[in-house]
Structures are given as structure tokens and as C-alpha cells.
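Breakdown of the fold
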Amino acid sequence: RDRFILEPSLEEVPHLTGHLRIGDGTEDEWFVVYLLRKLSLQRDDVSCRVVDADGELLLIEAALATPRWVSPTNAENRCWIR
């Protein structure tokens with residue numbers, strides 16, 4: 001386990017990027033999701049995306065509620081915290 005690292009990225013669209021190694025426990029991952037949700041509620045100009053080693057975290061967790069046409073091959077950039 002490491003600390004949560006948040007860094008500026010100056011790619012085509014400037015943004016912040018972060019990473020966290022959590023091991024087997026998912027509590028830290030969900031705490032980061034909670035913090036990102038709170039941030040997005042405070043600022044209208046913030047959108048957050050959460051990806052882990054398996055892919056889009058929120059889409060994976062909501063797999064049973066997503067439309068059938070959503071698949072790992074077409075799901076990238078479809079789920080944002082706003």
C-alpha cells in the first residue's frame with residue numbers, strides 16, 4: 001500500500017491524475033471515490049473518472065444495471081463522477 005498521489009498532467013487537455021496501490025483491500029479505493037464525489041459536488045467545473053487494474057471501476061460495480069450494449073471494449077470514458 002502506498003499513499004495517494006495526485007499530480008498535474010499537461011497533456012493536450014490539462015488535468016490532474018492520481019494513483020494509489022491498495023493491495024487486496026478496496027476500502028481505500030472507495031474512500032478515494034467518496035472524496036472525488038465530494039469534490040465534484042463542490043465544484044461545477046470538475047469531472048472525475050476512476051479506473052483500476054480491471055477497468056472502469058464504477059461501470060464494473062454497476063455491471064448488472066448497465067445496458068446490455070455496454071462492454072469493456074466500448075465503455076472507456078463513459079462513466080464520470082459529476
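This section reports on the structure supplied with the text.

Parameters and conventions
Residues numbered from 1 in each chain as written. Predicted model: local features only at pLDDT ≥ 70, side-chain atom pairs only at ≥ 80, totals over all residues. Heavy atoms only, no water. Helix = DSSP H or I, 4+ residues; strand = E, 2+ residues; numbered from the N terminus. Buried < 20%, exposed > 50% of the residue type's maximum accessible area, 1.4 Å probe, protein only. 1 Å grid on protein atoms, 1.4 Å probe; cavity = no way out; pocket = protein on both sides within 12 Å on 5 of 7 lines; lining within 4 Å. Points joined across faces, edges and corners; volume = space filled by probe spheres on them. Nonpolar A, V, L, I, M, F, W, Y, C, P; charged D, E, K, R; others polar.

Observations concerning unusual backbone geometry
Although it is not a glycine, Asn-77 sits at a positive phi angle of roughly 65°. Relative to the helices and strands, Asn-77 is located in the segment after helix 2 (57-61). By relative accessible area, Asn-77 is classed as partly exposed at 41%.

Points about the layout of surface pockets
The computed volume of the largest pocket comes to approximately 970 Å³. Breaking the lining of the largest pocket down by element, the ones donating at least two residues are strand 2 (15-19), helix 1 (27-42) and strand 3 (51-52). Of the residues assigned to the lining of the largest pocket, the class counts are 16 nonpolar, 5 polar and 6 charged. As a volume, the second largest pocket reaches approximately 240 Å³. Lining the second largest pocket are 14 residues, with Leu-59, Ile-60, Ser-71, Pro-72 and Ala-75 sitting closest to its centre. Put simply, the parts of the chain that give the lining of the second largest pocket at least two residues each are strand 4 (55-56) and helix 2. Looking at the lining of the second largest pocket, its residues break down into 7 nonpolar, 3 polar and 4 charged.

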